[in-house]
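# Breakdown of the fold
Here are the chains, one letter per residue:
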Amino acid sequence: MNPQTRNLLVKHIAEAVEAMGPAPLFERFAVLLVEHLLNVELFQSGSSISGNPVAGTLDATSADQRVVVEASALQTYFGQQMAKARNDLRHALELAPGAERILLVSSQRAPVGTIEHFVQDAARDPATADREIAVFDSRRIAEAIVDELVVKDNAMDALSELLPALDEVRDLHPYNLAAPVLDSRFVPRHDVDRELSRRVADSTCVEVAGLGGLGKSMAAAAFLRRHGGEFEYPFWVDARTIRGVEQLSAIPLRRGGADRNVLGLLKRHRCLVVLDDANEDLTLEALLDVCGPESKILVTRRRRTPGCYNLPLMESEEARLVIDAGLKSPIPDLAFAAITAAIGGHPLSLRLVNAAVRFGASWDEMIEDCPRVGSMADGEVLLAERVLGRLRPILSQELSVFVWAGQPNCDREFLKLVVGALGIRKLQEFGLTAPDSPSSVRLHDIVYSSLRTCDWLSPQQSKELDNALERYLTTQMRGDGHGLQTTAAQLRNRVLKLAVAGDRRPAFLHALLAAWSPHEIDPALLPVPAAKAAEIAGRGATDSDAEILLVLETIEALNRHEKHVNGYASAQAMLREALPVYAMLGGTSGLSPRQSAEIKHHLAKTLKLLRREDEALALFEEVVANFPLNEAKLQLVRLHAKPGGYERATTLALEIIEAHRSGMGVTASVLMGLSDTLNGGRDRWSGEILSVHDEHLMSQALFSAASGVAQGYDALSAFARSWAWNAPERLQQLLSQLPEPTPFMLSDERSRAGYAEILYHAALMETGSGGADRALEAYESLRSPDAFQRRRWGEVLNMLGRFEESEILLQGIDDPDGRIWIANSLSQTKLGLGKTQEALALADEAIAGATGRNEIYRGSFLLQRAKALLALGKDPTAELEVALAGGINPRQRTELLDMQAALRSDHPLAAR
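Residues numbered from 1 in each chain as written. Predicted model: local features only at pLDDT ≥ 70, side-chain atom pairs only at ≥ 80, totals over all residues. Heavy atoms only, no water.

## A short note on the sheet that holds strand β7 (residues 233-238)
- Across the sheet, which stays open at both edges, the five strands sit in the order β7-β8-β9-β6-β10 with parallel pairing between neighbours. The open sheet has two free edges, formed respectively by β7 and β10 (309-310), since each of these has just one partner strand.
- Pairing analysis gives six bridges linking β7 to strand β8 (residues 271-278), with the strands arranged parallel. Within the sheet, the bridge partner assigned to Asp 238 lies in β8 and is Asp 276. (Pairing = 2+ DSSP bridges. Helix = DSSP H or I, 4+ residues; strand = E, 2+ residues; numbered from the N terminus.)

Here it is as structure tokens:
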């Protein structure tokens, strides 16, 4: 969590706790708090049935009296040398002499140092020295809630009943895993809830099926909200795009409850998971295989399956409540009979009838409309269309956007731009929206279907919306990147359709480039760089800013695509052929200083990729000398990050950070790239910068990741790599702060890969804890991994002892830039397979390549050589000594020292 956000939440909760009263209320709150923190059941014997204190008893104890809780709302609790606390402690020891953990909970704020001194005194007292004594004041209570309980809906539900301020915290907090909020006019269906409860009690997985608009999502959301508190983790998952259970580890949860390794949680914790709108690929049998003994799964589907719960139509009393909601007078009996005779108890149709009447339709008009439905099996769709037609004067603009998008959901920010916040509220007020993620607005399927039965969108409206999307994307192109990427993810289908049909406006192609992973890039939809550059040069740079940027980004995209599809050599040839394009663009008349700088910057990046680093460095320096382009400064930081260049790299890095702090146009991409570079250096120069600015860089990376920016996860994975090397204890901190993957991850390979990288480093730290299995699931979810990701995948297989699979994977990687690391990883694989001579040769290859800026990895490679020598029965003493003097992380240093100690004591040490 962003540190500033955490501090604000802690302060807000602490103030609310301090104001709690009366005393019995706070005592109950304290007992619930400890129950959820310790995951223990407590018996509250300190209060009578009426809620008044009972003298001579403890406030709460566990069944075995090993855990004792004493709570107090006394305002002088921390005064008088904590006399009240000391008395409570003596009281606890007298009544529960076997207590191992005693928790003293106060609603007041303790002065600085008071709690620490009290606990230290208890540690010195023979009566309490061997017991765990904890004191919670208002701030520590707040910190425990924010750091540990805010992700658990059952805890927040219970505590918020006693402390209403927690409802606001949960609504604002990005870790909210609750079910989607139901419409204010939602009518509870008690018969449905009872049946679902019965089925969930009897079965691990319950499927709910039925026609669109029957209220499957609403029934599931109501069930999750009503019964989620009975489980440790209640989750809501939009399952429309999930094609199999194996994707549950990569597809993020909706409503803020995003990717928390659903498979692992289902197996190991008490979960209630709703998979909403699942397709046929997500079978009951597969779900049962991955569900643990304490978890339950509720699935909603369009198509019925054997044994599923067919959601019934509403009963007459429920239907009347839906139609009457918000009306000044109830529906007349005659009208009710006529309408329900035509449409039955179809919930959404009833809501649409209600909306039409609220908007001005008479009951006579509604009765007149009903017979036109006839006896069609899906007659309610026609009724929905009739009702939507009556709403056309007020909702035509809003609904036409979904027809234009060609899907029932739309990017919320773009929708707000074209219809306003009022338009979104109208869609919700008239009951047309279904539960969905915060980043999008989704119509009920039956509403969307009805839209397609009538002409809601004229060619002129479609053209206007295309133009509005172009303007919106254009404004995002030079922004921080968040808006462009999130909108590109939500509306990529519409943009792709336009591009395929021939509408190749630069803004649309920029959006596709922002959404595409290397394997998704379609060169046929992109301009030919040379031809486009010639066209721009022929007419001048005025009003060509977006096109110039498009040419530059297209070259880089084609390089990524070529490298991914055809390999490194082919990508290099493509870059060499593209070099004249930069000269053409650079000769265009009317270039602004920024445009000139950007063209030279991209040329320098190409030269760098072609390994012409001296030329690239000189050109980057020329760029920043004439224009303060932060993108070029970042490249110079990377090029100067070697002996002799540290001073220049430090200066430029600090300039970028200061410019970002001052709001001077540093994009998220540049800042995240700088985080990656600084964390990757592991040198004193970068360490000194990070020691001052790592909180700022870290908070920005967390914000970017939470906003759906793929590079945010790149930056976070760089922190994970650095801390795994230098400060393993901080990696755990990162894991606790890791934001939920956003809906953008559904279609973004880069975000998935960054998340997998973080899990990889966590697995290195948590040997034997299942971390490697979670990392493997993450890498297996990648659709088309690149060379680096395939190497990491192979290393995870090594962790799991699956060396045969790792050998095939690693030997198939073609990546000259990463060859030394591939050789080192493959050496570990060969050693695991008993191919010791091959393992030694590969270790030697890695060592030979560890020169220049890669010399810091020499110690790691020497460690691998030592293991290979041991396996061959040879003495690795020299390698161990050199490795210990080089760059190795704490974990490797411990391993080396253990090997040395074993050798010195003449005990043979098997290769590990």
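## Regarding the environment of Glu 622
- Mapping Glu 622 onto the fold places it in helix α28 (residues 613-626).
- Measuring from C-alpha to C-alpha, the distance between Glu 622 and His 601 comes to 9.2 Å, with 21 residues separating the pair along the chain.

## Observations regarding the side chain of Arg 865
- Note that Arg 865 resides in helix α41 (residues 858-871).
- At 2.4 Å, the side chain of Arg 865 and the side chain of Glu 879 are in polar contact.
- Once residues within four sequence positions are removed from consideration, Arg 865 is found in contact with Leu 840, Ala 843, Asp 844, Ile 847 and Glu 879. (Polar contact = N/O pair within 3.5 Å; in protein donor to acceptor, adjacent residues only side chain to side chain. Contact = heavy atoms within 4.5 Å.)

## Some thoughts on the packing of aromatic side chains
- A full pass over the atoms with the stated rule returns seven aromatic pairs.
- Pairing Phe 414 with Tyr 472 gives two aromatic rings, centres 6.0 Å apart and planes at 55 degrees, and the pair type is tilted. On the criterion of sequence distance, the pair formed by Phe 414 in helix α18 (residues 412-429) and Tyr 472 in helix α20 (residues 459-477) is long-range, its members being 58 residues apart.
- Accessibility expressed as a relative area gives 0% for Phe 414, which makes it buried.
- Between Trp 821 and Tyr 857, the ring centres sit 5.3 Å apart and the planes meet at 85 degrees, which makes this aromatic pair edge-to-face. Placement of the pair is Trp 821 in helix α39 (residues 819-832) and Tyr 857 in the loop between α40 (836-849) and α41, with a sequence separation of 36 residues. The burial state of Trp 821 is the same as that of Tyr 857; both residues are buried. (Phe/Tyr/Trp six-rings, centres within 6.5 Å; stacked < 30°, edge-to-face > 60°. Buried < 20%, exposed > 50% of the residue type's maximum accessible area, 1.4 Å probe, protein only.)

## Observations regarding the pattern of salt bridges
- If you walk through the whole model with that rule in mind, you get 46 salt bridges.
- Between Arg 612 and Glu 615 there is a salt bridge, with its nearest N and O atoms 2.9 Å apart.
- With a relative accessible area of 34%, Arg 612 lands in the partly exposed category. (Salt bridge = Lys/Arg side-chain N within 4 Å of Asp/Glu carboxyl O.)

## A short note on the sheet that holds strand β3 (residues 67-72)
- Pairing is mixed across the open sheet formed by five strands, whose spatial order is β1-β2-β3-β4-β5. Here the strands that pair on one side only, and so sit at the sheet edges, are β1 (42-43) and β5 (132-136).
- Here five bridges tie strand β4 (residues 101-106) to β5, and the two strands are oriented parallel to one another. Across the sheet, the residue bridging to Leu 104 is Val 135, located in β5.
- Relative to the sheet, helix α3 (residues 83-95) contacts β3, β4 and β5, its axis offset from that of β4 by approximately 145 degrees.
- The sheet strands contacting helix α4 (residues 114-124) are β4 and β5, and the helix crosses β5 at an angle near 165 degrees. (Axes fitted to C-alpha atoms, helices over the stretch in contact; angles between N-to-C directions.)

## Structural notes on the packing of helix α27 (residues 593-609) against α28
- Two numbers describe how α27 lies on α28: the axes approach to 8 Å, and their chain directions differ by 165 degrees. The orientation of α27 with respect to α28, classified from their angle, is roughly antiparallel. Considering the relative orientation of α27 and α28, their crossing is left-handed. Seen from α27, the contacting residues are Ala 597, Lys 600, His 601, Leu 603, Ala 604, Lys 605, Leu 607 and Lys 608; seen from α28, they are Glu 613, Glu 615, Ala 616, Leu 619, Phe 620, Glu 622 and Val 623.
- Among the residues making up the contact of α27 with α28, the classes are represented as eight nonpolar, one polar and six charged. (Parallel < 35°, antiparallel > 145°, perpendicular 65-115°, else oblique. Left-handed = near helix turned anticlockwise from the far one by under 90°. Nonpolar A, V, L, I, M, F, W, Y, C, P; charged D, E, K, R; others polar.)

## Points about the pairing of strand β6 (residues 205-209)
- Within β6, five of the five residues are buried, leaving the element largely enclosed by the surrounding structure.
- The alternating pattern of β6 places Cys 205, Glu 207 and Ala 209 and Val 206 and Val 208 on opposite faces, both of which are buried.
- Sheet analysis places β6 next to strand β9 (residues 296-301), joined by five bridges and oriented parallel. Paired with Val 206 across the strands is Leu 298, a residue of β9.
- In the sheet, β6 pairs with β10 via two bridges, with the strands oriented parallel. Within β10, the position partnered with Val 208 by the bridge is Tyr 309.

## Quick notes on the side chain of Lys 633
- If you trace the backbone, Lys 633 turns up in helix α29 (residues 630-640).
- Side chain to side chain, Lys 633 and Glu 655 meet in a polar contact 2.9 Å long.
- Once residues within four sequence positions are removed from consideration, Lys 633 is found in contact with Val 624, Pro 628, Leu 652, Glu 655 and Ile 656.

## So, α3
- With 13 residues, α3 extends 18 Å from end C-alpha to end C-alpha; this agrees with the ideal 18 Å at 1.5 Å per step.
- Among all positions of α3, only Ala 85, Asp 88, Leu 89, Ala 92 and Leu 93 are buried. All buried residues of α3 fall inside an arc of 135 degrees around its axis, so they share one side.
- Turning to α3, the residues buried within the fold contact β3, β4, α4 and β5. (Expected span 1.5 Å × (residues − 1). Arc of directions from axis to C-beta.)

## What to know about the environment of Ser 462
- Looking at where Ser 462 falls in the secondary structure, it is placed in helix α20.
- Here Ser 462 falls in the buried class, since its relative accessible area comes to 16%.
- Residues Ser 462 and Ala 405 lie 57 residues apart in sequence; the distance between their C-alpha atoms is 9.3 Å.
- When near neighbours in sequence (up to four residues on either side) are disregarded, Ser 462 contacts Trp 404, Leu 457 and Arg 494.

## Details of the nonpolar core
- Counting 66 residues, the largest nonpolar core has Trp 404, Phe 414 and Leu 415 as its most contacted members.
- Sequence-distant contacts of Trp 404, defined by excluding residues within four places in its chain, comprise Phe 414, Leu 457, Ser 462, Leu 465, Asp 466, Leu 469, Leu 491 and Arg 494.
- By size, the runner-up hydrophobic cluster in this structure holds 64 residues, among which are Ala 701, Leu 776, Leu 782 and Trp 793. (Core = buried A, V, L, I, M, F, W, Y, C linked by side-chain atoms within 4.5 Å.)

## Considering the confidence of the model for the chain
- Scored by pLDDT, the chain comes out at a mean of 83, with 85% of its residues at no less than 70.
- Within the model, the stretch residues 172-178 combines pLDDT values under 50 with 33 contacts to residues more than four positions away or in other chains.
- Counting interchain partners and residues more than four positions distant, the pLDDT-below-50 stretch residues 372-384 has 19 contacts. (pLDDT = per-residue confidence, 0-100.)

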